[in-house]
Amino acid sequence: MASPSDPSNQQVVARKQNKGVPFKFMVPLIYAPILPLIRIQLRHNPVLRDRLFTVVLAGAFAHGAYLVSDLYDSESK
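Residue positions are counted from 1 within each chain, in the order its sequence is given. Residues qualify for local features only when their pLDDT is at least 70, as the model is predicted, and side-chain atom pairs are given and counted only at 80 or more; totals for whole chains, interfaces and linings, by contrast, use all residues. The side-chain values count all of the structure's non-hydrogen atoms but skip hydrogen atoms and water molecules.

Asker: I would appreciate a short explanation of the pattern of salt bridges in the present structure.
Answerer: Close approach of charged atoms allows side chains with opposite charge to pair. Salt bridges are defined by distance alone: a side-chain nitrogen of Lys or Arg within 4 Å of a carboxyl oxygen of Asp or Glu. Applying the stated criterion across every chain yields a total of two salt bridges. For Arg 49, the salt bridge goes to Asp 50, with nearest N and O atoms at 3.2 Å. Through salt bridges with shared partners, one network takes in Arg 39, Arg 49 and Asp 50.

Asker: What is the right way to read the environment of Asp 50 from this model?
Answerer: Here Asp 50 is to be found in helix α4 (residues 46-68). For the exposure calls, accessible area comes from a 1.4 Å probe over protein chains only, and a residue counts as buried if that area is under 20% of its type's maximum, exposed if over 50%, partly exposed in between. By relative accessible area, which is 35% here, Asp 50 ends up partly exposed. Along the chain, Asp 50 and Ile 38 lie 12 residues apart, while their C-alpha atoms are 8.8 Å from each other. Numbering of helices and strands runs from the N terminus; a helix is a DSSP stretch of H or I covering at least four residues, while a strand is a stretch of E covering at least two.

Structure follows, in structure tokens:
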């Protein structure tokens, strides 16, 4: 069994640690302010407002479903 100070083991651990920001998890921070802004800015054009709101909301749900599905899990391995 390899000791914790083994250099080959440290390389594997260093490769698994990602120091970058996981942007795919930060997408809800974009959706959160956009959805109310769509409702406020397009209140005089209800047809466009409802269609755009539905498309953005469907995109948010699709993104969330992708993150919890096996597709995302297989890509991260």
